[in-house]
Each structure stands twice: as C-alpha cells, then as structure tokens.
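Architecture at a glance
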Amino acid sequence: LYANFSKNNFTCVSFKRHNPSYNTLRVLDLSHNSIRQDVSDFFRNVPPNLEELLFTDNNIRGTIPEPFPSLEYLRRLDISNNIISGTLPDLSRAIWLRELDLSNQRQSEFGGLTGAISSDFSSLQDLLVL
C-alpha cells in the first residue's frame with residue numbers, strides 16, 4: 001500500500017493501530033506539508049512495515065527518539081528540511097536501510113543535529129546514500 005499525502009497543508013499526523021491499513025502500509029509520503037509536531041510524537045505508533053518514510057520539508061522538530069522505532073523493513077528515510085536537533089539514535093536495527101537523508105535541518109534554539117556519527121552506521125551494510 002502506497003500513500004502519497006505530499007504537497008498539502010497537513011499540520012499533524014497520528015497513526016491508529018487498529019486501522020486495517022496499519023500493517024499493510026509500505027510507502028508513506030508526507031513531504032512538503034505544514035506538519036508542526038515533535039519528531040518523537042511523529043514516530044509514536046508509526047506503521048511497523050514501512051519500507052519508505054518521507055517527510056521532508058515540514059516543520060517537524062525535536063530529537064529523533066532513542067531507541068529508534070523497530071522499522072526492520074525500512075529502506076528509505078528522508079527527514080530533510082525540518083527542525084530536527086540532538087544526536088542521531090542507534091539505527092542498527094534498520095538493517096535494510098539504503099537511503100538516509102537528514103540534511104538541511106533548519107536552525108532552532110538547539111542548533112540542529114549535533115554530536116558524532118555513531119559507528120552503528122557501519123552495521124548498515126545496504127546503506128548507499130547518507
């Protein structure tokens with residue numbers, strides 16, 4: 001199941017576990033909206049079988065949750081052009097991850113992404129784009 005909600009004016013996203021499409025959703029594109037919520041709220045109850053999660057160019061802020069949600073089938077994650085801050089979580093459980101885009105985090109009072117890039121990234125053997 002592919003859901004493309006890009007280029008709209010959505011301001012918030014929530015996922016309902018009891019929705020029939022919750023476990024069948026593979027691609028979710030929420031890019032170019034007006035989503036204004038904390039990134040940890042965004043990842044709360046995210047569908048577990050996603051292969052692509054795209055939410056570039058929104059106003060999502062905060063720190064990426066640690067531990068990172070168990071998205072074992074995730075191949076592409078694009079969180080670019082938001083207001084994410086803090087350090088990168090351990091993504092080693094996302095073993096199929098091929099593309100990770102965290103670029104252009106607009107400056108907030110916390111200064112964007114910080115810290116070191118963890119050695120956990122070396123375990124992501126399929127990662128082609130970082």
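Everything that follows concerns the structure shown earlier in this document.
Report on the accompanying structure. Keep in mind the model is a prediction, meaning the values are calculated, not measured. (Residues numbered from 1 in each chain as written. Predicted model: local features only at pLDDT ≥ 70, side-chain atom pairs only at ≥ 80, totals over all residues. Heavy atoms only, no water.)

**Considerations on the pattern of salt bridges**
- Summed over the entire model, instances satisfying the criterion amount to four salt bridges.
- Among the charged side chains, a salt-bridge network with shared partners connects E52, R76 and E99. (Salt bridge = Lys/Arg side-chain N within 4 Å of Asp/Glu carboxyl O.)

**Here we look at the packing of aromatic side chains**
- One pass over the structure, following the stated rule, counts six aromatic pairs.
- When the ring of F42 is compared with that of F43, the centres are 5.9 Å apart and the planes differ by 90°; the resulting orientation is edge-to-face. Here the two residues F42 and F43 agree in accessibility, since each one is buried.
- Between the aromatic rings of F42 and F55, the centroid separation amounts to 4.1 Å while the plane-to-plane angle is 40°, which identifies the pairing as tilted. Note that F42 is positioned in helix 1 (residues 39-43) and F55 in the loop between strand 3 (52-54) and strand 4 (61-63), a separation of 13 residues in sequence. With respect to burial, F42 and F55 carry one shared label: buried. (Phe/Tyr/Trp six-rings, centres within 6.5 Å; stacked < 30°, edge-to-face > 60°. Buried < 20%, exposed > 50% of the residue type's maximum accessible area, 1.4 Å probe, protein only. Helix = DSSP H or I, 4+ residues; strand = E, 2+ residues; numbered from the N terminus.)

**Observations regarding the nonpolar core**
- By size, the foremost hydrophobic cluster in this structure holds 32 residues, and its most contacted members are F43, L53, F55 and L77.
- If you tally residues by element for this core, the top one is helix 1, at three residues.
- Other than its neighbours up to four places away in sequence, F55 contacts L30, S31, F42, F43, I60, L77, D78, I79, S80 and N82. (Core = buried A, V, L, I, M, F, W, Y, C linked by side-chain atoms within 4.5 Å. Contact = heavy atoms within 4.5 Å.)

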